[in-house]
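# A structural walkthrough
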Amino acid sequence: MYNASTGVLSANITVTNLGSAPALTAGSLIGSLSEDGKTLTITTNHATEKFDGKYAINIAADAIATKADKDVLLAEYNGTVTVADTTSPAISKVEYSVDAANAGKYKATVTFSEPLASEGTVSLNGSAITGAAYTFVAGGKTIVVNNLDAGTQYALAVTGALDKAGNLVSPNPATATLTIAGDEVKPTVAISAKGSKITFKFSEKLGEQDLDANPEGAGSEEHAKFTINGGAAKYLQATDLDQTDATGTTYVYDATGDIAGSFLNASVKVESFKDLAGNAGNAATQSLTISKDTAAPKFVSASVVDNKFIVKFDEDAEPNSLTTVGIKYTNVDNVVVTKATAALDATVGAVAGSYDVNNNGTIEGDEENYIVLPIDATETDFVSGGKLKAGSYEVTLAAGTVEDKVPNATTTTIKFTASATGSASKAIVELDAGATDEVNPGVIEAVFNKDMSSTALVAANYKLDNVAIPAASKLYFNTDKQHVTIELPKGFVTVSGNRALTVANLTDVDGNTLKTGFTKDTIDLTENVAPVATGASLVDDNNVNVTFGENLGAAPSTGVELWVNNAKVTLATTPFAVSDNVLTITTDAAVLLKPTDTIVVKFVDGIDLADANGNVVAPASVTVR
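Below is a short write-up of the structure. Here the structure is a predicted model, which is why all the values come from computation and not from measurement. (Residues numbered from 1 in each chain as written. Predicted model: local features only at pLDDT ≥ 70, side-chain atom pairs only at ≥ 80, totals over all residues. Heavy atoms only, no water.)

## Some remarks on the overall build of the protein
Rules: The way it works is that DSSP assigns letters per residue, a run of H or I at least four long becomes a helix, a run of E at least two long becomes a strand, and they are numbered from the N terminus. Each residue gets one of three labels from its accessible area relative to the maximum for its type: buried under 20%, exposed over 50%, partly exposed in between, using a 1.4 Å probe on protein chains only. Here a residue-residue contact requires only that any non-hydrogen atoms of the pair lie within 4.5 Å. Each accessible area value is a Shrake-Rupley result obtained with a 1.4 Å probe; residue values ignore everything except the protein chains displayed when judging cover. Charge convention: Lys and Arg are scored as positive, Asp and Glu as negative, and His as well as the terminal groups of each chain are ignored. Every charge is mapped onto a representative atom, which is NZ of Lys, CZ of Arg, CG of Asp or CD of Glu.
Within the protein, the regular secondary structure consists of 0 helices and 51 strands. Dimensions of the protein, computed from the C-alpha atoms along their principal axes, are close to 100 × 70 × 55 Å. Out of the 625 residues in the protein, the part that is buried amounts to 37%. Within the protein, contacts between residues separated by at least 24 positions form 60% of all contacts whose residues are at least 6 apart in sequence. In the form shown here, the protein has an accessible surface area of approximately 31400 Å², with 50% of it arising from carbon and sulfur atoms. Considering the protein, the positive charge centre built from 42 side chains and the negative charge centre built from 74 side chains are found 4 Å apart.

Here's what the structure looks like:
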């Protein structure tokens, strides 16, 4: 099937591009088989190539044996798959090791959720790093930051990184705090149970160990060993990490298979765990009662978004062969339309087993408790313009069509009601990605194809990397109602780089809405943090140096005053000079400065002293020390 050491697919499995899908370089496809032998994941190992479109998959007849019996061979398989990657890459983990190239130093390996075509801008503590400071290979999943000191904390930011499909990293910048060892505190653990799930909550992230004497390789090794009632050893691995836990310290084990009856009084012991610094935690034992989940999901609530019913249950829920629903629709004129088998739309996200309620790109918490039922556009009695028509809906889900993770399937019919407002407007409003751009540091001009309503001046309707821009942003129409200037608060953009701008909930002056596919743009934002004076010193009889926290641009022409003993003094004909982050102020030859003077530098309205990006110093004063 594939070479276990290289992952390269054999000739018995082929993937062929169809239509406009790009062709793939021979030998670039690799395979990865799941532990149970039932799932083969195919990826492209080429630095820049990606799956994008429709592909034909062929598995040759009698070429692959089953795991259970090598004499049982698979029949030929032919199928197609359509791939459209819209998922942003994200930092998935950070690991530390000795930097062999730099004596006494360490390196941090930052792993992303998928291969990157470009790493964008890599910054430490707010400054971009280049060259030997980090290593990255296009098509890889890691950025290795080199030459780090133990016991020092670093703020890492990766801005504008792209996956092979061109999706920007999320969040953007992607950030991580790098801390090398210096930790001698033992990790601790709390053990609890709910139903059949045993939760292990550690006080900090754990390191990997080969506890089962079966080397799986980095990223797949064990983190801890545990037993139930002194039975066979079990292990916690990265795959057991509860993805709803942002700290990466919680592991969940489903003990359903350990319960012979309906419940089990269990003594759970966890041991052999270490933190990332190598500190070993003490073994812990907890008495628990674990019980089997025998209840099917129960309906909680329902709402409408566009052409979809968003249905919430009281636990993790999944659609079970759910392809049609019954609908009784009462429109605004009280006309009733009933269909027992209204078709669900497999092209609009299909029937999903979760819903991103807060639209942050991550399924977390009880967002697993939803199923999403999109109604097909061909169901014209119910759908118009991509939305459910205005009115009231009674929806019927047949028994057995919803189940939990056990799985327990529903045994009775579920009925719920929901209302839709519909839409008489047309989706014709477009964000002009070609014209939308940054015009000054932290200032964006968004350009639309229609005269916009006041919705275009609401900060909450604009997002940068899926986060609404600050409410303190200043928005106004510029020249006409098709141009909206967005002034982000000073200091909001701390690192330069690409950001994903998205707009939502906007209408033009006639009430028309945004057109699908014309709501996004990538903006190259420049940091807009104003330079700040950190100190001032007397150089000699006629010169004062003011030091700033960053390098400056050109010397100012106005807006800088020197006050001595509460009186403004005359400056030289050419009074200002800049060298890196230092501004030198020179007085008139007749004005002599003394160490005993009280000397104050004032930056006043109209000052034109700025950093290299054009961010102007704010009015302030600094006293010579």
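Here the narrative resumes, following the displayed structure.
## Digging into the pattern of salt bridges
Our working definition: Think of a salt bridge as a Lys or Arg side-chain nitrogen and an Asp or Glu carboxyl oxygen that are within 4 Å of each other.
For the structure on display, the rule yields 11 salt bridges. Between Glu 379 and Lys 339 there is a salt bridge, with its nearest N and O atoms 2.8 Å apart. Taken together, the residues span a long stretch of sequence, with Glu 379 in the loop between strand E28 (370–374) and strand E29 (383–384) and Lys 339 in strand E27 (residues 336–343) at a distance of 40 residues. Across the pair Asp 597 and Lys 594 runs a salt bridge whose closest N-O atoms are separated by 3.5 Å. Relative accessible area serves as the criterion here: at 45%, Lys 594 is assigned to the partly exposed category.

## Digging into the environment of Leu 397
If you trace the backbone, Leu 397 turns up in strand E31 (residues 391–397). Linking Leu 397 and Ala 530, residues 133 residues apart in sequence, is a C-alpha distance of 58 Å. Beyond its immediate chain neighbours, meaning those up to four positions away, Leu 397 contacts Phe 313, Leu 322, Val 325, Ile 371, Leu 373, Val 402, Thr 413, Ile 414 and Phe 416.

## Some details on the sheet that holds strand E48 (residues 571–579)
Test applied: Pairing between strands is defined by DSSP: at least two bridges between the two strands are required. The convention used is that axes are lines fitted to C-alpha atoms, helices contributing only their stretch in contact, and that angles between N-to-C directions extend from 0 to 180 degrees.
Taken together, 4 strands build an open sheet; the order of strands is E44-E45-E49-E48 and the sheet is antiparallel. Where the open sheet ends on each side, the last strands, each with one partner, are strand E44 (533–540) and E48. Between one strand axis and the next, the sheet turns by 20° as a mean value, whatever way the strands run. Here 6 bridges tie E44 to strand E45 (residues 543–548), and the two strands are oriented antiparallel to one another. Considered in E45, the bridge of Ala 536 is made with Val 546.

## A few points about the sheet that holds strand E17 (residues 197–202)
The 3 strands are arranged E16-E17-E20 in an open sheet whose pairing can be described as antiparallel. Each edge of the sheet is formed by a strand with only one pairing partner; in this case those strands are strand E16 (189–194) and strand E20 (250–254). If you compare each strand with its neighbour and ignore which way they point, the axes differ by 20° on average. Where E17 lies against E20, 5 bridges are found, and the strand directions are antiparallel. Following the sheet pairing, Phe 200 is matched in E20 by Tyr 251.

## Observations regarding the environment of Asp 451
With respect to the element layout, Asp 451 can be found in the loop between strand E36 (443–447) and strand E37 (462–464). Separated by 58 residues in the primary sequence, Asp 451 and Val 509 have C-alpha atoms spaced 6.1 Å apart. Aside from chain neighbours lying at most four places away, what touches Asp 451 is Lys 481, Gln 482, Asp 508 and Val 509.

## What to know about the side chain of Ser 453
The criterion, for reference: Under the rule applied, a polar contact is a pair of N or O atoms within 3.5 Å (in protein, one hydrogen donor and one hydrogen acceptor; residues adjacent in sequence only if both atoms are side-chain atoms).
Its location among the elements puts Ser 453 in the loop between E36 and E37. At a separation of 2.8 Å, a polar atom in the side chain of Ser 453 contacts the side chain of Thr 455. Once residues within four sequence positions are removed from consideration, Ser 453 is found in contact with Phe 477, Thr 507, Asp 508 and Val 509.

## A look at the pairing of strand E49 (residues 582–587)
Relative to E49, E45 runs antiparallel, the two sharing 5 bridges. Bridge pairing in E49 links Asn 543 to Thr 586. Strand direction decides the pairing type here: E48 and E49, joined by 5 bridges, are antiparallel. Among the inter-strand pairings, Leu 571 is bridged to a residue of E49, identified as Thr 587. Taken together, E48 and the strand that follows it, E49, pair antiparallel across an intervening segment of 2 residues, in which Asp 580 is found at a positive phi of about 55°.

## Some remarks on the nonpolar core
Note the following rule: Joining through side-chain atoms within 4.5 Å is the link that ties buried Ala, Val, Leu, Ile, Met, Phe, Trp, Tyr and Cys residues into a set, and such a set is a nonpolar core.
In this structure, Phe 309, Val 325, Ile 327, Ile 371, Leu 373, Tyr 393 and Leu 397 are the most contacted members of the largest nonpolar core, which totals 24 residues. Among the elements of the structure, strand E24 (308–313), strand E26 (324–331), E28, E31 and strand E33 (414–420) are those that each provide at least two residues to this core. Val 325 has contacts with Lys 339, Ala 340, Thr 341, Ala 342, Leu 344, Leu 373, Ile 375, Val 395, Thr 396 and Leu 397, leaving out every residue within four places of it along the chain. Counting residues in each nonpolar core, the second largest holds 23 residues, with Val 544, Leu 562, Ile 599 and Val 601 among its members.

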